[in-house]
Amino acid sequence: MRSTVAVALLLVVLAVVPTVLAVTFQVGDTGGWNFGVNYTTWVGGKTFRVGDTLEFNYGPSHAVFVVDKAGFDGCDGSRATQRFSNRDTKIDLTRVGTIHFLCPTPGHCLGGMKLAVPVLASSPITPSPSPSPSPSPSSGNVENAKNVASKGIMSYGKIGVAMVLMYGVMR
Ligand SMILES: [Cu+2]
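All values derive from a computational prediction rather than experimental measurement. (Residues numbered from 1 in each chain as written. Predicted model: local features only at pLDDT ≥ 70, side-chain atom pairs only at ≥ 80, totals over all residues. Heavy atoms only, no water.)

*Asks:* Would you mind going over the overall build of the protein chain with me for this structure?
*Replies:* The secondary structure content of the protein chain amounts to four helices and eight strands. Secondary structure elements in the protein chain, listed N-terminal to C-terminal, are α-β-α-β-β-β-α-β-β-β-β-α. Put simply, the protein chain has 171 residues, and 29% of those count as buried. Considering only contacts within the protein chain whose residues lie at least 6 apart along the sequence, 69% involve residues at least 24 apart. (Helix = DSSP H or I, 4+ residues; strand = E, 2+ residues; numbered from the N terminus. Buried < 20%, exposed > 50% of the residue type's maximum accessible area, 1.4 Å probe, protein only. Contact = heavy atoms within 4.5 Å.)

Here is the structure:
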């Protein structure tokens, strides 16, 4: 029994640790990609990086169009570069910059179903193809590296505490 728990915990560790660096964001959280969710609020306070993924979950009355800034500002999906309607759309963030989305259903974008996601460079631990335009990239990267490293240590620490607790309970 105890060894089963240990194996299960090891699998959890293996599953959790790689996701420290690549995040999948559920667009709108529990609200999903839907009419009536404020996506400006949803974006606020989040950090999106190259390598992360956006997941849009939505019903059949919605769709996801990738548009440029003009399309976003004017709620014009006619020149969308990508169109999805499979109700579970995963968008990998592959480049630095702002990526714009809207729902093409009439009235939905004008009603707020539009999303602009600012994408930053990936963490310096994973190789990034895009050079940073920042005037002092080295200090910024050191800061990022520290943040990522502390996140990783925190994750290991939490898992370690959980394993110790589980071991104590099983004894
Ligand atoms: Cu919609």
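*Asks:* Where do I start with the nonpolar core in this structure?
*Replies:* The nonpolar side chains of a soluble globular protein tend to be buried with one another. Core analysis: the largest hydrophobic core is formed by 22 residues, its most contacted members being W33, L54, F56, F101, L115 and V117. Mapped by element, the contributors of at least two residues to this core are α2 (39-43), β3 (53-57), β4 (64-67), β7 (97-102) and β8 (114-120). Not counting the four nearest positions on each side in its chain, L54 is found in contact with F25, V27, W42, F48, T89, K90, I91, L93, F101 and V117. Among the nonpolar cores identified, the runner-up in size contains seven residues, and F65, V67, F72 and C109 belong to it. (Core = buried A, V, L, I, M, F, W, Y, C linked by side-chain atoms within 4.5 Å.)

*Asks:* Help me out: how do you make sense of the state of the cysteines in this one?
*Replies:* One way to say it: the disulfide is the covalent bond shared by the sulfur atoms of two cysteines. One pass over the structure, following the stated rule, counts one disulfide. Here C75 connects covalently by a disulfide to C109, the sulfurs 2.0 Å from one another. Note on the C75 and C109 pair: the S-S dihedral is about -75°, so by sign convention the disulfide is left-handed. Highlighted residues: C75 in the loop between α3 (69-74) and β5 (82-84) and C109 in the loop between β7 and β8, separated in sequence by 34 residues. Judged by relative accessible area, C75 falls into the partly exposed class, the value being 21%. (Disulfide = S-S within 2.5 Å.)

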